Amino acid sequence: MNYIFKKENRTEASLNNFNAEHIRWMKFILRQSKKVGEIELPISAVILDERGRCIGRGSNKRNVNSDPLGHAELIALRQASFMKNDWRFNECSLITILEPCTMCASALIQARMGRVIYGALDEKRGGLGGSIDLSKHKSSHHKMEVIGGILEKECRSEIKLWFKKLRNQI
């Protein structure tokens, strides 16, 4: 079952359904993103196993490593697959600040991620509903739960602030 909470249909009741642990982890990655934002776009992600333990985490490192694949979600996936000694994540959850882009969404589908939880919808590049929903595409052999809108205001604010600072430096 997929859940995407967009501005027009999100209600207080749906926000109350968010797991307290999801909110705790989102606050953690928001703090991590503030540190990352000094150098990179402030995106961080964690992967939790079926018991809620963090088995992978990542932050954007495209500029630092000159790596087009240096997205937070992909870095977290690599670390989690090493920790888990497997490439399948059916029982796991990925939590990130911004809806994953199409590249990351495809990787999450291929990794059979059980649940993806994000803060802010990405209407320009989002791969799980913002721009295109690859999780519902006919080629997607894996169905995942997608939950958006956890601490959305804080997540969106962090990203907007970063871009504002970037524009003022140029």
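Residues numbered from 1 in each chain as written. Predicted model: local features only at pLDDT ≥ 70, side-chain atom pairs only at ≥ 80, totals over all residues. Heavy atoms only, no water.

Novice: Quick question: what am I supposed to make of helix α5 (residues 102-110) here?
Specialist: Residues lying three or four places apart along an α-helix face the same way, a consequence of the helix completing one turn every 3.6 residues. Of all the residues in α5, the buried ones are Cys104, Ala105, Leu108 and Ile109. When α5 is viewed along its axis, its buried side chains cluster within an angular range of 140 degrees and face the same direction. Packed against the buried residues of α5 are α4 (72-84), β3 (93-98) and β4 (115-120). Of the residues one or two after α5, arginine 112 is the one with positive phi, at around 60 degrees. (Buried < 20%, exposed > 50% of the residue type's maximum accessible area, 1.4 Å probe, protein only. Helix = DSSP H or I, 4+ residues; strand = E, 2+ residues; numbered from the N terminus. Arc of directions from axis to C-beta. Contact = heavy atoms within 4.5 Å.)

Novice: Hey, could you run me through the sheet that holds β4 in this one?
Specialist: Neighbouring strands of a sheet are bound in pairs by backbone hydrogen bonds; such pairs are parallel or else antiparallel. Pairing is mixed in the open sheet, where five strands are placed in the order β2-β1-β3-β4-β5. This sheet does not close on itself; its edge strands, each paired only once, are β2 (54-59) and β5 (145-148). The sheet shows a mean angle of 15 degrees between the axes of neighbouring strands, taken without regard to direction. Direction of pairing for β3 relative to β4: parallel, over a ladder of five bridges. Residue pairing across strands places leucine 94 opposite valine 116, the latter belonging to β4. Strands β1 (44-48), β2 and β3 of the sheet are contacted by α4, whose axis makes an angle of about 150 degrees with β2. Of the strands in this sheet, β3 and β4 are in contact with helix α6 (residues 152-169), which crosses β4 at around 65 degrees. (Pairing = 2+ DSSP bridges. Axes fitted to C-alpha atoms, helices over the stretch in contact; angles between N-to-C directions.)

Novice: Would you mind going over the pattern of salt bridges with me for this structure?
Specialist: Overall, the coordinates contain seven salt bridges when judged by the stated rule. Linking lysine 84 and glutamate 91 is a salt bridge whose minimum nitrogen-to-oxygen distance equals 2.7 Å. Residue lysine 84 is classed as partly exposed on the basis of its relative accessible area of 26%. Across the pair glutamate 145 and arginine 115 runs a salt bridge whose closest N-O atoms are separated by 2.8 Å. Of this pair, glutamate 145 sits in strand β5 while arginine 115 sits in strand β4, and the two are 30 residues apart along the sequence. (Salt bridge = Lys/Arg side-chain N within 4 Å of Asp/Glu carboxyl O.)

Novice: Would you explain the packing of α4 against α5 in this entry?
Specialist: When two helices pack together, you describe them by how their axes are tilted relative to each other and by the distance separating the axes. The contact between α4 and α5 brings their axes to 9 Å, and the two run at 25 degrees. Overall, the two elements α4 and α5 adopt an arrangement that is roughly parallel. Between α4 and α5 lies a crossing whose hand is left-handed. Together, Glu73, Leu74 and Leu77 of α4 and Met103, Cys104, Ala107 and Leu108 of α5 make up the contact between the two elements. (Parallel < 35°, antiparallel > 145°, perpendicular 65-115°, else oblique. Left-handed = near helix turned anticlockwise from the far one by under 90°.)

Novice: Is there a simple way to think about the side chain of glutamate 158 in this case?
Specialist: For glutamate 158, the position within the fold is in helix α6. According to the relative accessible area criterion, glutamate 158 is buried, its value standing at 11%. Engagement of the side chain of glutamate 158 in a polar contact is seen with the side chain of lysine 34, the distance being 2.8 Å. In contact with glutamate 158, other than residues within four places in its own chain, are Leu30, Ser33, Lys34 and Pro42. (Polar contact = N/O pair within 3.5 Å; in protein donor to acceptor, adjacent residues only side chain to side chain.)

Novice: Would you take a moment to explain the layout of surface pockets for this structure?
Specialist: Any space left empty among the atoms is revealed by the rolling of a water-sized probe across them. Counted as a void, the largest pocket has a volume near 680 Å³. Considering the residues around the largest pocket, the lining is formed by 26 residues, among which Leu98, Asp122, Arg125, Ile159 and Phe163 are closest to the centre. Residues of the lining of the largest pocket, tallied by class, amount to 12 nonpolar, three polar and 11 charged. By volume, the second largest pocket is sized at about 220 Å³. (1 Å grid on protein atoms, 1.4 Å probe; cavity = no way out; pocket = protein on both sides within 12 Å on 5 of 7 lines; lining within 4 Å. Points joined across faces, edges and corners; volume = space filled by probe spheres on them. Nonpolar A, V, L, I, M, F, W, Y, C, P; charged D, E, K, R; others polar.)

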